[in-house]
Amino acid sequence: MTWTEAAAIALQDHAALWSMGEIRASEVVDAACDALVAGLDTPGLRILAACTRAEADYDVHDLLPAALNELGLTFYPVASEAGQEAAARALARHMLAGGLTPREFAFRIHQRYGHELPLTEQLAELDDEYDVLEYGDRTVDQVDAEVTAEARRLAAHPTVASEPTDTPS
């Protein structure tokens, strides 16, 4: 994977995470700056990357869909199932990169989506497993290994969805 491809994936992940309320708008702006440095360049991306931290909370909502569209990336409407799945995949990549422990990852997925999102049902069940380890014959390492396998499964999925880009509501 090239640096430019990695920057595009990171921007897509940040957009999905922001759309689902997982990260702050300023982190999307940081990802836009990284994308510019990596060689991605469109007018909308430049405008997005130029936002200050103070402006980000107000302007990312309007600027992000156009910037992603120019790059051929997808903006997931707030609270959409596709957006939830994209955010779960982004969190999986974050965990695999060392940003979260398996337990933290399973907890965040369970806390955010419960047992309602079919894509992450196994992770919600594994989070429940952590809570009952003292009563069974499984170890933390065994559950961690299953969570990591699930994260790999999620992360291996394509990062750009087939559904059309939509504007925020």
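Let us look at the structure shown here. (Residues numbered from 1 in each chain as written. Predicted model: local features only at pLDDT ≥ 70, side-chain atom pairs only at ≥ 80, totals over all residues. Heavy atoms only, no water.)

**So, the environment of proline 43**
(1) Moving on: Mapped onto the fold, proline 43 is located in helix α3 (residues 43-49).
(2) Moving on: Each C-alpha atom of the pair proline 43 and alanine 66 lies 9.4 Å from the other, and the pair is 23 residues apart in sequence. (Helix = DSSP H or I, 4+ residues; strand = E, 2+ residues; numbered from the N terminus.)

**Some details on the packing of helix α5 (residues 81-96) against helix α6 (residues 102-113)**
Pairs of packed helices are described in terms of their axes, by the angle between the two and the distance that separates them.
(1) Moving on: Remark: α5 packs on α6, axes separated minimally by 10 Å, with the N-to-C direction vectors making an angle of 165 degrees. In terms of orientation, α5 and α6 fall into the roughly antiparallel class. Crossing handedness for the pair α5 and α6: right-handed. Packed against α5, whose contacting residues are Gln84, Ala87, Ala88, Leu91, Ala92 and Met95, the element α6 presents Pro102, Phe105, Arg108, Ile109 and Tyr113 at the interface.
(2) Moving on: Within the contact of α5 with α6, the residues separate by chemical class into 9 nonpolar, 1 polar and 1 charged. (Axes fitted to C-alpha atoms, helices over the stretch in contact; angles between N-to-C directions. Parallel < 35°, antiparallel > 145°, perpendicular 65-115°, else oblique. Left-handed = near helix turned anticlockwise from the far one by under 90°. Contact = heavy atoms within 4.5 Å. Nonpolar A, V, L, I, M, F, W, Y, C, P; charged D, E, K, R; others polar.)

**So, the packing of α5 against helix α8 (residues 140-155)**
(1) Moving on: Axis separation between α5 and α8 bottoms out at 8 Å; the angle between their running directions is 125 degrees. The angle between α5 and α8 places the two elements in the oblique class. Crossing geometry of α5 relative to α8 is assigned as left-handed. Here Ala88, Arg89, Ala92, Arg93, Met95 and Leu96 of α5 come into contact with α8, specifically with Val147, Thr148, Ala151, Arg152, Arg153, Leu154 and Ala155.
(2) Moving on: Of the residues that constitute the contact of α5 with α8, the class distribution is 8 nonpolar, 1 polar and 4 charged.

**Points about helix α7 (residues 121-131)**
(1) Moving on: Residues of α7 that are buried: Leu123, Ala124, Leu126, Asp127 and Tyr130. The arc that holds the buried residues of α7, viewed along the axis, is 160 degrees, so those residues lie on one side.
(2) Moving on: Against α6 and α8 lie the buried residues of α7. (Buried < 20%, exposed > 50% of the residue type's maximum accessible area, 1.4 Å probe, protein only. Arc of directions from axis to C-beta.)

**As for the side chain of glutamate 150**
(1) Moving on: Of note, glutamate 150 is situated in helix α8.
(2) Moving on: What makes glutamate 150 buried here is its relative accessible area of 12%.
(3) Moving on: If we skip the residues at most four places from it in the chain, glutamate 150 touches Gln122, Leu123 and Leu126.

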